[in-house]
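Structural characterization, general
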Amino acid sequence: MRSKIKAHKVFEIYEEDRGRRLFTKNILPGKTHFDERIIKENNQEYREFDPRRSKLAAMIMKGCTNAGIRKNDTILYLGVSHGYTSSFVSDMVGEEGLIFGIDPAPRVVRDLVFLSEERKNIIPILANANHPEEYIERVSAADIVYQDISQRNQAEIFIKNCKTFLKNGGYGLLAIKAKSINIKRKPKDIFIEIRKILEKEFTVIDYRILEPFEKDHAMIIIKK
Amino acid sequence: MKYLFTNIIGSFVLDGKLKIVDSTLFKNVEEHKNKEKSEKQLKQKHKAEQLPNEKLHQALLLFKDKQYHQEFYKKNLQLTKQSIKESVNEDNLIVQAISNINELDKINNILTKRLREWYSLYLPELSEEIQSHEKYVELVATKTKEELMKEIGTKETMGADLDKPYVDEMILLAKQIINNYQLRKEHEKYLELIMKRYCPNLLELAGITIGAKLMELGKSLKHLAMLPASTIQLLGAEKALFRHIKTGSRSPKHGIIINHSIVQKAKRNEKGKAARMLADKLSICAKLDYFKGEFKAKEYKKELEENFR
């Protein structure tokens, strides 16, 4: 039988059905956290990565070829929430990698603690990403900074964090929610404006609007 | 030149090229909280200075190493668990209680509607006669068909004559609903108990339900105290507000505070004014409560009631 699952262009991601479905290699075989579909092949387990629930998956579905995340990376994840995306990122970086997950809301970090007790490479931190001094003593520098926060000053927070924590040559992924910056203006104008702000500080290597998976969202990937 | 850098793992002395020279490792989280002691020791020993901000990035890079992963994991998890424990306060209890009251209201409405349909097979006249849900349920649960007919003054009924075991099931449902109404009352008492201590001004001016709902919409008392009065006026009318901003339709005048007796009693053309003034005073009350001010809500309430009679 021909193998159904192939490696995707993006590192550590697998695809099925000519890229219509995305998967990651499960580092905890036999365990799912969000009732996702599982495929078993050649003694390996793959978890389905839903682009409607995760902006990272949506970005890859939209044709991004380099998300920057590789095995054994250290990742600073701002706005982890319940940890849907970060559970897949934890698959991607593997057991040797590390994710610092930061979120200010106790309710969602509570869920994240249960996840991190199973996945030992996720570290939950209850802190506000707007104030890096709150958690500067609790994290290390990172290869990747991933931010998914719906705040008005999301670009400012992202630049602040990238400057402090991102290593030179590291990648930063910023998910922008236009609706939380200004609901009156056209989303596309906002994206372009933020892109210009980021271009002053870093090199923008990818920019995609996440329609139809997420409405009025875009993602920008930068390199420091 | 030597620098001192402390993080959750320990205190480290770095030399000019930012290599680790000396360190004291923290055994547990408490030692990190009392870090001054070990910092002082190292500072004296090496004559080190606090790490300047521009070198912070390089220091952080030192710890991006596999040997520290386990330490980071263990200590951060412990700290996070502690801070989650500390994050619980009265706000959360109030929000949970008021949410459950909302849900109980919905459930009671659905169940009572069903009971009315069901019991109307047996005695349809009662449902016509008695409008109040609560009273209806209580009558069904406590009285027999004959007593009820006497109460509403009808001698004949078009309801079917059902055997007692057939009717018992309806009465069981009625008793269940009464329990729910009882639970709702208990919840209100519980809210009053908490709010009397936590936010007396808000409780006095807004009442239990509206006060708690404001707290729910404003997320917490702290957040509510930081909100401007105009936002408090429109809490709960977000849909109308955003429609107004987007399409230019008429702006909403009041959110959840429309249920307040002062706004209710105001004349139709004064409702907006009443809502604005009430929101104004509510905002002051929230601030008084959060910053532990004096009890002034009674004066405000009097003032408002005189204004909108």
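All figures in this text were calculated on a predicted structure; none of them were measured in a lab.

Taken as a whole and judged by the stated rule, the model has 31 salt bridges over all chains. Linking Glu137 of chain A and Lys35 of chain B is a salt bridge whose minimum nitrogen-to-oxygen distance equals 2.9 Å. Note that Glu137 of chain A is positioned in the loop between strand E8 (122–126) and strand E9 (142–147) and Lys35 of chain B in helix H2 (residues 35–46), a pairing that runs across two chains. For the pair Glu137 of chain A and Lys35 of chain B, a shared accessibility class is recorded, and that class is buried. Between Glu151 of chain B and Lys143 of chain B there is a salt bridge, with its nearest N and O atoms 2.8 Å apart. Take Glu151 of chain B: its relative accessible area is 43%, and that puts it in the partly exposed class. Sharing partners across several salt bridges, the network here consists of Glu16, Arg21, Arg37 and Glu48 of chain A.

What follows covers the sheet that holds strand E1 (residues 3–6) of chain B. All names here are of chain B. Strand order in this open sheet of four strands is E3-E2-E1-E4, and the pairing throughout is mixed. Since the sheet does not close on itself, it has two edges, and those belong to strand E3 (20–25) and strand E4 (49–50), each with one partner. Of the strand pairs in this sheet, E1 and E4 are connected by two bridges, and their pairing is parallel. Within the sheet, the bridge partner assigned to Leu4 lies in E4 and is Gln50.

Counted according to the given criterion, the structure contains twelve aromatic pairs over all chains. Ring geometry for Tyr14 of chain A versus Tyr46 of chain A: centroids 5.2 Å apart, planes at 65°, classification edge-to-face. Remark: Tyr46 of chain A occurs in strand E5 (residues 44–49) and Tyr14 of chain A occurs in strand E2 (residues 14–16); sequence separation between them is 32 residues. Assessed through its relative accessible area of 16%, Tyr14 of chain A is described here as buried. Measuring from centroid to centroid gives 5.2 Å for Phe63 of chain B and Tyr68 of chain B, while their planes differ by 55°, and the two rings are tilted. Assigned by exposure class, Phe63 of chain B and Tyr68 of chain B land together as buried.

Conventions adopted
Residues numbered from 1 in each chain as written. Chains lettered and ligands numbered in written order. Predicted model: local features only at pLDDT ≥ 70, side-chain atom pairs only at ≥ 80, totals over all residues. Heavy atoms only, no water. Salt bridge = Lys/Arg side-chain N within 4 Å of Asp/Glu carboxyl O. Helix = DSSP H or I, 4+ residues; strand = E, 2+ residues; numbered from the N terminus. Buried < 20%, exposed > 50% of the residue type's maximum accessible area, 1.4 Å probe, protein only. Pairing = 2+ DSSP bridges. Phe/Tyr/Trp six-rings, centres within 6.5 Å; stacked < 30°, edge-to-face > 60°.

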